[in-house]
Amino acid sequence: MNRVQQRTALRDYYSTHFNFDDLAAFINFSDFSTREFGFATLEGKFFRNISFETPKALIDFLVDRTPYHVYIGAVYNDPPTRENPIHTLEWFGHELVFDIDLNEYDAVRQHVCNCQGADQVCIRCWQLVNLAVHIIDETLRLDFGMKDITWVFSGRRGVHGWIADDVGFTINQEQRMSLIDYLSVIHGEAEKARIQDRTKLKYDFRYRIEHTVFKYFLKNVRRKDLIDLGFSSSIATNVMKQLEHQEGQIDESLLRNFNLRIAKINKYDEILRRWVPRIDHKVTIDLRRLLRLPTSIHGKTGKIAQILHPSDIFSFNPDEESSIFT
Ligand SMILES: [Zn+2]
């Protein structure tokens, strides 16, 4: 598609398919006119410090200007404008958001699938995202009492978790940082990132992490992964046979059995290192962060940053999503 065709596709989407009501369910629009928005154009220019009096004014802008990327930021005391940019305004609030992106997993993704380069994603490596959603969602609900959590596809290789509970909107940077610290078992992004000493984790959380990680690992493991970890060929065959027999259902005895085997070859931390959630810290702690507007179009892929409904969140396959540009 050339630029003219892309512009037409964007205009068609924002004029007929874009629905603001879906967003209002988890984004606080009571102070709509003082909320910051940002845009990237088809020509590659980037603008922020923009605000709109009403949602309709925003939609009219999207239809008229057909931006390539649409971003939403924080709420301030006055409308952000070029003359009154956000650093001159008083910050009022920003939803608590968690960003899970396969970019963070580049150092370990080769142990899970055969994707090459930054643009590829497949259903196998998407399980890393699913696992992170599983653990973070459950932990925010059970350990922090949060209830209103919406997961949104980023349009490319990740998801954003938006927390709509009131407490999430106004908590400061230190509080956001301590939430990240609680949820992060891994430190550093490189291949050899350090796994936290598990004895220092809260028992429930530690159990949840280990239990969920090993379940996902076994559900997705290939014979070659077991051999690579150091298992003998006969043990690898044996484990694969057991898994086949259980048809994807990982029961507790299989899990216990496998954990004993993995402890024997001392690869417990190695599996955790490959699979534990890797959260992009910067997104959560930056109070003035611009984030892709849920249900807008990701300009690079042409895919909708769609809301993932709880009933089908774990069966979502980003690779099968259609693009408005094709
Ligand atoms: Zn992949």
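Residues numbered from 1 in each chain as written. Predicted model: local features only at pLDDT ≥ 70, side-chain atom pairs only at ≥ 80, totals over all residues. Heavy atoms only, no water.

S.K.: Would you explain the overall build of the protein in this entry?
M.R.: Of the regular secondary structure elements, the protein holds 12 helices and 11 strands. Over its C-alpha atoms the protein spans a radius of gyration of 22 Å, differing by no more than 12% from the 20 Å that the globule rule assigns to 326 residues. The contacts in the protein between residues at least 6 apart in sequence include a share of 70% that link residues at least 24 apart. In the form shown here, the protein has an accessible surface area of approximately 15,600 Å², with 49% of it arising from carbon and sulfur atoms. (Helix = DSSP H or I, 4+ residues; strand = E, 2+ residues; numbered from the N terminus. Rg over C-alpha atoms; globule rule 2.2 N^0.38 Å. Contact = heavy atoms within 4.5 Å. Areas by Shrake-Rupley, 256 points an atom, 1.4 Å probe, with all protein chains shown as cover.)

S.K.: I tried to follow the pairing of strand β6 (residues 149-153) on my own but got confused; where do I start?
M.R.: Counting buried residues in β6 gives 5 out of 5 residues, a clear majority hidden from the surface. Residues Ile149, Trp151 and Phe153 point to one face of β6 and Thr150 and Val152 to the other, with burial holding for every one of them. Linkage of β6 to strand β7 (residues 158-163), two consecutive antiparallel strands, is achieved through a turn of 4 residues, within which Gly155 is found at a positive phi near 100°. Summarising the sheet, β6 and strand β11 (residues 307-308) pair through 2 bridges and their orientation is antiparallel. Residue pairing for β11: Val152 is matched across the bridge by Ile307. (Buried < 20%, exposed > 50% of the residue type's maximum accessible area, 1.4 Å probe, protein only. Pairing = 2+ DSSP bridges.)

S.K.: In this structure, what is going on with the packing of helix α7 (residues 203-220) against helix α11 (residues 268-275)? I would like to understand it.
M.R.: Between two packed helices, both the angle of their axes relative to each other and the distance between the axes serve to describe the pair. Where α7 meets α11, the closest approach of the two axes is 10 Å, and the angle between their N-to-C directions is 85°. It follows that α7 is roughly perpendicular to α11 by the angle criterion. Here Ile209, Glu210, Val213, Phe214, Tyr216, Phe217 and Asn220 of α7 come into contact with α11, specifically with Tyr268, Ile271, Leu272 and Trp275. A breakdown of the residues in the contact of α7 with α11 according to their chemical character gives 9 nonpolar, 1 polar and 1 charged. (Axes fitted to C-alpha atoms, helices over the stretch in contact; angles between N-to-C directions. Parallel < 35°, antiparallel > 145°, perpendicular 65-115°, else oblique. Nonpolar A, V, L, I, M, F, W, Y, C, P; charged D, E, K, R; others polar.)

S.K.: Explanation requested: the pattern of salt bridges in the structure shown.
M.R.: Applying the stated criterion across every chain, the model contains 18 salt bridges. Between Lys282 and Asp280 there is a salt bridge, and its shortest N-O distance comes to 3.4 Å. With relative accessibility at 46%, the residue Lys282 sits in the partly exposed group. Linked through salt bridges whose partners overlap, the residues forming this network are Asp106, Arg109 and Arg157. (Salt bridge = Lys/Arg side-chain N within 4 Å of Asp/Glu carboxyl O.)

S.K.: Please clarify how the nonpolar core should be interpreted in this entry.
M.R.: A general trend in soluble globular proteins is that nonpolar side chains are found buried together. Phe98, Val213 and Phe258 are the most contacted members of the largest nonpolar core, which totals 63 residues. No other element matches helix α4 (residues 123-144), which puts 10 residues into this core. Counting 33 residues, the second-largest nonpolar core is a separate cluster that includes Leu10, Phe26, Leu62 and Ala305. (Core = buried A, V, L, I, M, F, W, Y, C linked by side-chain atoms within 4.5 Å.)

S.K.: In this structure, what is going on with the coordination of the zinc ion? I would like to understand it.
M.R.: Between any two of four tetrahedral donors, the ideal angle at the metal is 109.5 degrees; between two of six octahedral donors, it is 90 or 180 degrees. The coordination sphere of the zinc ion contains the protein donors Cys113 (SG), Cys115 (SG), Cys122 (SG) and Cys125 (SG), at a distance range of 2.3 to 2.4 Å. Angles of 106 to 113° at the metal separate the 4 donor atoms of the zinc ion, which places the site in the tetrahedral class. Mapping the donors of the zinc ion onto the primary sequence gives the spacing C-x1-C-x6-C-x2-C. The exposure class assigned to Cys125 is buried, which follows from its relative accessible area of 0%. (Donors = N, O, S within 2.8 Å, 3.2 Å for Na, K, Ca; no water. Tetrahedral: all angles 85-135°; square planar, octahedral: opposite > 155°, others 65-115°.)

S.K.: Teacher, can you tell me more about the confidence of the model for the protein here?
M.R.: Should pLDDT be low for a region, the predicted coordinates there are not to be read in detail. Chain-level statistics for the protein give a pLDDT mean of 91 and a share of 96% at 70 or above. Looking over the protein, one finds the lowest element-wise mean pLDDT in strand β9 (residues 194-195), namely 68, and the highest in strand β1 (residues 35-40), namely 98. (pLDDT = per-residue confidence, 0-100.)

S.K.: What is the right way to read the packing of aromatic side chains from this model?
M.R.: Two descriptors summarise a pair of aromatic rings, namely the distance from one centre to the other and the angle between the planes of the rings. Scanning the model with the defined rule gives 23 aromatic pairs in all. Ring geometry for Phe18 against Phe20: centres 6.0 Å apart, planes inclined by 80°, an arrangement best described as edge-to-face. The residues Phe18 and Phe20 share a single accessibility class, namely buried. A network of ring pairs unites the aromatic residues Tyr13, Tyr14, Phe18, Phe20, Phe29, Phe32, Phe37, Phe39, Phe52 and Phe61 as a single cluster. (Phe/Tyr/Trp six-rings, centres within 6.5 Å; stacked < 30°, edge-to-face > 60°.)

S.K.: What's the story with unusual backbone geometry in this structure? I'm lost.
M.R.: As a rule of thumb, non-glycine residues mostly have phi less than zero, and peptide bonds are mostly trans rather than cis. Positioned with a positive phi, Asn49 is a non-glycine residue whose angle comes to about 60°. Locating Asn49 in the fold gives a position in strand β2 (residues 46-50). Even without being a glycine, Asn266 presents a positive backbone phi close to 60°. Relative to the elements of secondary structure, Asn266 occurs in the loop between α10 (252-264) and α11.

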